[in-house]
Amino acid sequence: MTAARAEVVAGGPGRFRSARRRASAGLFRRGWLRATLLLSAPAAWFVLIYLAALAILFVSAFWRVDAFTGEVVHQWNLDNFKTIAESPAYRTIALRTIGIAAAVTLTDALLAIPFAYFAARLAPRRLQTVLFVIVLVPLWTSYLVRVYAWRLILAHDGILNWTLHKLGFGGVDIAYSNWAMWVVFSYLWLPFMILPVWVAFERVPDSFLEASADLGARGWTTFRRVLLPLVLPGVVAGSIFTFSLTLGDFITPTLVGGAGSDFIGNVVYSSVGIANNVPFAAAFATIPLLVMGAYLLVARKVGAFEAL
Amino acid sequence: MARVALRVWVALIVLFLLFPILLIALYAFNESNVQSWPLPGLSTKWFASTFHNEAMRQALWLSVRAALIATTIAIVLGSMAAFAVHRFRFFGRETVSFLLVLPLALPGIITGMALNSFFAWGTVDFSLTTIVIGHATFCIVTVYNNALARLRRTQTSLVEASMDLGADGWQTFRHVTLPMVATALVAGGLLAFALSFDEVIVTTFTAGAQNTLPLWIFGNIRLGQQLPQVNVVVLMVIVVTIVPVTLAQRLTRDTGVLRTGTGRGRADASTHAAVAAEPAP
């Protein structure tokens, strides 16, 4: 407080400074005022743009498009949902999307657990850093670039078939199929699974493993009965990413899936971009929204949010 | 035996993670305009023609502008939210955190669709502005996460000491708080730039007829057009996104006196930043 008095004594600029000081002291005492000032701009952005947009998306699912004019008619109805529920084609697409998302999640968990175990508990410090960077590099390489790379790898005259021929196996023809999507999605989201599992393995205290060994458990028993249950929240945390990212995708199905492997996202994309039927697209987009909502509820029960 | 199997497994995963990226970098030097393996020869002839491609240059310029503006908005709004959430306990504080993460937690297609119908409802024409709105919405959270993580690791005693020594709120902010979070803000901004520069799903719904660089790449791959030039651009995109991310990692790695935890804090923080910063394409 002496500084303030010195300024007042000095006069001149001090008077200005003390006014500013009073203002800042007032702000400091009224925390709610400062919080409001700080929050107003970001809150306005999210409420006026993002939440408003989500609300309109949700509402427009209950609107319809006039068949003749192509204009959106603001008339409440359930036609879009009826169309989706009654069409076998749409049901197949929804099931394919959810099925591949589940398969990708399972695959990534199986690939990631041994890797993360080694990286977190066995690798020396330097190797740990190297592995960490290796996991981050694909994460930060453009998504499109990675999908394109796989398109070239899996192509009929790509490096996969070339290698198989050199090794004396026949070629495989998995380009533009569900198998290709499974491989590519598993590749794309693997780092998202590895990182939370890695952290989960790191968090297990050494004393737990010593206790397990003291009680007579061998390596494998300790891994299965002590480590695995403790890292499960990490696996579920990773699965939120692998599952959600697969559910919402339409680029990978377009580029490596080929004909007859549409995802929910493809239908949504073509409904907006080509058919100009936003209400139907919005109705179809509620499926991944509901599935993800249910998934997040389960994940929270398992404690995955703390592992994020 | 089990140890050997584990090591082999790890080696295979490392190969799986890196091989496609190394391979695609090589394709930029493919002499032929047919993208098959083995490459018939190596050449740099496609680089010149790519840089003279007018459509590519326009797309690149649009991407750079969108990323710069979105990043600026994200730094301002993201840091404001982080300061408010860190400093104050208020009603709905958890809601704010949840709301900010929503654009990343929800599939990108939902965000894209929502903004698309929002613009359609408001009869807003697609422009640079609509692209920026889409990008900024999910970029804010990367700055917010980075700033908040840093604020949580700084000691409030430093701020109290500054106040005790007679600094007012603004001086404390300017000379104590800001220097402590500056590198985190820059890191968050760099990540936001990389995210925006690379984004494709939300952009397809907010760009209309405009082409950002990822949209240009996507269109050409889908139609199988101009693939030699796509290969060159792809190599360029790898470099352009890796550089800011590497810088961001360096900026957040060493936080000097501000670090309260040891060892574990680093892995946690960088993992968190990496995971939270990635888009939901």
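Computed from a prediction, not measured in an experiment: that's the story for all the values here.

## Looking at a nonpolar patch on the surface
Residue and element names in this part refer to chain B.
Here comes step 1: Taken together, the side chains of V4, V8, L12, L15 and F19 make up a nonpolar region of the molecular surface, amounting to roughly 450 Å² of accessible area.
Here comes step 2: Here L15 lies in helix α1 (residues 2-27).
Here comes step 3: Classification of L15 by relative accessible area gives exposed; the value is 53%.

## Topic: the packing of helix α6 (residues 128-153) of chain B against helix α8 (residues 169-198) of chain B
All names here are of chain B.
Here comes step 1: At a minimum axis separation of 8 Å, α6 and α8 run at an interaxial angle of 150°. Put simply, α6 runs roughly antiparallel to α8. The handedness of the crossing between α6 and α8 comes out as right-handed.
Here comes step 2: Of the residues in the contact of α6 with α8, the class split is 13 nonpolar, 8 polar and 1 charged.

## Some thoughts on the confidence of the model for chain B
All names here are of chain B.
Here comes step 1: Here chain B averages 83 in pLDDT, and 90% of its residues register 70 or above.
Here comes step 2: The spread of mean pLDDT over the elements of chain B runs between helix α12 (residues 264-277), the lowest at 39, and α1, the highest at 94.
Here comes step 3: Confidence drops under pLDDT 50 across residues 255-281; counting only partners more than four residues distant or on other chains, this segment forms 60 contacts.

## Some details on unusual backbone geometry
All names here are of chain B.
Here comes step 1: With omega at -5°, the peptide bond leading from W37 into P38 counts as cis.
Here comes step 2: You can see P38 is positioned in the loop between α1 and α2 (45-51).
Here comes step 3: Its identity as a non-glycine residue notwithstanding, Q226 has a phi of 45°, on the positive side.
Here comes step 4: Position of Q226 among the secondary structure elements: in the loop between α10 (213-223) and α11 (227-253).

## Some words on the side chain of S212 of chain A
Residues and elements named next belong to chain A.
Here comes step 1: Note on placement: S212 falls in helix α10 (residues 206-214).
Here comes step 2: A polar contact is formed between the side chain of S212 and the side chain of T222, at a distance of 2.9 Å.
Here comes step 3: Beyond its immediate stretch of four places on either side in the chain, S212 contacts A217, T222 and V226.

## With respect to the packing of aromatic side chains
Here comes step 1: For the coordinates displayed, the defined rule picks out 34 aromatic pairs over all chains.
Here comes step 2: A network of ring pairs unites the aromatic residues Y143, F185, W189, F192, F241 and F263 of chain A as a single cluster.
Here comes step 3: Lying over the aromatic face of F218 of chain B, R222 of chain B brings its terminal NZ or CZ to 5.0 Å of the ring centre.

Rules and cut-offs
The numbering scheme is per chain: residues are counted from 1 as the chain's sequence reads. All chains are assigned letters beginning at A, and all ligands numbers beginning at 1, according to the order in which they are written. With pLDDT at 70 or above as the cut-off, local features in this predicted model cover only qualifying residues; side-chain atom pairs require 80 or more to be listed or tallied, and sums for whole chains, interfaces and linings still use all residues. Heavy atoms throughout the structure, all of them, feed into the side-chain values; hydrogens and water do not. Only residues whose relative accessible area exceeds 30% and that form no salt bridge enter a patch; like-charged residues are grouped when within 9 Å of one another, and nonpolar side chains (Val, Leu, Ile, Met, Phe, Trp, Tyr) when within 5 Å. Per-residue accessibility takes into account occlusion by the displayed protein chains alone, with areas from the Shrake-Rupley method and a 1.4 Å probe. Salt-bridge detection follows one rule: a side-chain nitrogen of Lys or Arg within 4 Å of a carboxyl oxygen of Asp or Glu. A run of DSSP states H or I qualifies as a helix once it reaches four residues; a run of E qualifies as a strand once it reaches two. Both are numbered from the N-terminal end. Note on classification: 1.4 Å probe, protein chains only; a residue is buried when its accessible area is under 20% of the maximum for its type, exposed when over 50%, partly exposed between these limits. Orientation is described by lines fitted to C-alpha atoms, with helices fitted over the stretch in contact, and by angles between N-to-C directions that extend from 0 to 180 degrees. Note on angle classes: values under 35 degrees are labelled roughly parallel, values over 145 roughly antiparallel, values of 65 to 115 roughly perpendicular, and the remainder oblique. Helix crossings fall into two classes, left-handed where the near helix is turned counterclockwise from the far one by less than a right angle and right-handed where it is turned clockwise. When residues are grouped by polarity, Ala, Val, Leu, Ile, Met, Phe, Trp, Tyr, Cys and Pro land in nonpolar, Asp, Glu, Lys and Arg in charged, and all others, Gly among them, in polar. Every residue carries a pLDDT, the predictor's confidence in it, which falls somewhere between 0 and 100. Two residues form a contact once any of their heavy atoms are found within 4.5 Å. Polar contact is defined as a pair of N or O atoms within 3.5 Å, subject to the rule that within protein one atom must be able to donate a hydrogen and the other to accept it, and that residues adjacent in sequence are counted only when both atoms are side-chain atoms. Planes of paired rings set the category: under 30 degrees apart is stacked, over 60 is edge-to-face and the rest tilted, where pairs are Phe, Tyr or Trp rings (Trp by its six-membered ring) whose centres lie within 6.5 Å. Whether a charge sits over a ring comes down to the Lys NZ or Arg CZ being within 6 Å of the ring centre and within 35 degrees of the ring normal.

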